[in-house]
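# Structural overview
Now for the letters of each chain:
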Amino acid sequence: MADKRAERIAELIAPLRVPPGTRVDLARDFDPRYKAHLKKRQGRELLRTGVELLAEYQARLAAQNTYGVLFCLQALDAGGKDGTIRHVMSGMNPQGVQVSSFKVPSVEELDHDYLWRYAHHLPARGDIAVFNRSHYEEVLVVRVHPDVLDRQRLPPETRGKKLWKRRFRQINDWERYLTENGITVVKLFLNLSKDEQRTRFLQRIDRPEKNWKFSAADVRERRFWDDYQRAFSRMLSETSTPWAPWYVIPADRKWFARICASAVLVHTLMELDPQYPTIGERAREDLLTARRELEEQTPEGTPDDPPPRSRTEG
Ligand code: ATP
Ligand code: MG
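The following refers to the structure shown. Nothing here was measured: the structure is a model prediction, and the numbers come from that model.

## Concerning the site of ligand 1
Within the structure, ligand 1 sits among 15 residues, and Lys81, Lys103, Arg117, Arg133 and Glu138 are positioned closest to it. The side chain of Arg117 places a nitrogen or oxygen atom 3.1 Å from a nitrogen atom of ligand 1. A distance of 2.6 Å is found between an oxygen atom of ligand 1 and a side-chain nitrogen or oxygen belonging to Arg133. When isolated, ligand 1 has an accessible area of 630 Å², and the protein chains bury 74% of it. For ligand 1, the cavity whose grid points lie within 2 Å of the majority of its atoms is the largest pocket. Elements represented by at least two residues in the shell around ligand 1 include exactly α4 (81-88), α6 (116-119) and α7 (141-144). Taken together, the residues of the shell around ligand 1 break down into seven nonpolar, no polar and eight charged.

Okay, structure coming up:
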């Protein structure tokens, strides 16, 4: 049963994975409206399965306390990051998940090397961290707007044409270091079409309950659409690695994007296959001794104590 589900999930996400070393052209290679012949109704059931599996695997990840998982989410404005996080996380134990949202860097953050602020929010062993925007902004918004790079006050010898190549290498090295130390890194790019972004902005203007989400700055940023598409294509080409792959999630249909995001996370956890720790012979004897002691304290007239339960229950 678990194998069948694992197979189905692997099949669903295979076309979304960016093969390491390929040159990606977003517009040519990935369709924001793709939905794998699924109907919305089938999708609802799949999402429920995904949420259940996530809960089960998260509990095992936490119990094993050996690996951490970092889940990076990137998208253009109105790409659906918030909704994806809300849905994917709905079955998880809040104690084991931290979501960090990265905004324009503060003065203090700008006083450090560019990866500093992201390193602060890495997951502990047993935990899942979600980066809502991530260190990839450092090769996206920073690349599209040169004045943002100026504010980073880099030493002059590190500026110039080679800067982006070097940043890609540094990010790959950092992620490799993390995976080699038990922090699994998975990256999702929510791929929205320009037309769907326009529709979502219009809804934010027209529906009173969505007005709070509208920002005129987002519409201004849309003028840089082509620059962003180029920056995303380069990022995907240079930083999808065997140790930390990128998945391009078709984002024009929110329900499908959520299924894919949860499928990628489930797949990652299934591959890690965390196990509940087992205890040795000595520790088991100690448990039985403790059980006998508790049995001796049973008050008169109490119905029989429950029989020992299996480890996976409750
Ligand atoms: P939402 O709009 O859904 O609340 P958001 O992630 O768009 O979520 P905002 O506060 O609107 O949050 O925007 C964050 C802004 O911070 C974005 O415009 C992004 O480009 C910018 N940003 C993030 N990281 C950096 C960075 N390293 N350097 C400069 N700007 C950054
Ligand atoms: Mg925003």
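## Concerning the packing of aromatic side chains
For the structure shown, the criterion picks out eight aromatic pairs. Between the aromatic rings of Tyr136 and Trp246, the centroid separation amounts to 4.8 Å while the plane-to-plane angle is 65 degrees, which identifies the pairing as edge-to-face. A residue pair is termed long-range when its members are at least 10 positions apart, and Tyr136 in the loop between β3 (128-132) and α7 and Trp246 in strand β5 (residues 246-250) qualify at 110 residues. Both residues of the pair, Tyr136 and Trp246, count as buried. Clustering of aromatic rings is evident, with ring pairs tying together Tyr34, Trp255 and Phe256. Directly above the aromatic system of Tyr114 lies the positively charged group of Arg167, at a separation of 4.0 Å from the ring centroid. Against the face of Trp243 rests Arg176, its NZ or CZ located 4.4 Å from the ring centre.

## Quick word on the pattern of salt bridges
In the structure shown here, the tally under the stated rule is 20 salt bridges. In this structure, Glu295 engages Arg291 in a salt bridge whose closest nitrogen and oxygen atoms are separated by 2.6 Å. Residue Glu295 and its partner Arg291 are located together in helix α14 (residues 281-296), separated by four residues, close to a single helical turn. Judged by its relative accessible area of 27%, Arg291 is partly exposed. Look at the salt bridges and you will find they share partners, linking Glu56, Arg60 and Asp273 into a network.

Scoring rules and cut-offs
- Residues numbered from 1 in each chain as written.
- Chains lettered and ligands numbered in written order.
- Predicted model: local features only at pLDDT ≥ 70, side-chain atom pairs only at ≥ 80, totals over all residues.
- Heavy atoms only, no water.
- Near = heavy atom within 4 Å.
- Polar contact = N/O pair within 3.5 Å; in protein donor to acceptor, adjacent residues only side chain to side chain.
- Areas by Shrake-Rupley, 256 points an atom, 1.4 Å probe, with all protein chains shown as cover.
- 1 Å grid on protein atoms, 1.4 Å probe; cavity = no way out; pocket = protein on both sides within 12 Å on 5 of 7 lines; lining within 4 Å.
- Sits in = over half its atoms within 2 Å of the grid points.
- Helix = DSSP H or I, 4+ residues; strand = E, 2+ residues; numbered from the N terminus.
- Nonpolar A, V, L, I, M, F, W, Y, C, P; charged D, E, K, R; others polar.
- Phe/Tyr/Trp six-rings, centres within 6.5 Å; stacked < 30°, edge-to-face > 60°.
- Buried < 20%, exposed > 50% of the residue type's maximum accessible area, 1.4 Å probe, protein only.
- Lys NZ or Arg CZ within 6 Å of the ring centre and 35° of its normal.
- Salt bridge = Lys/Arg side-chain N within 4 Å of Asp/Glu carboxyl O.

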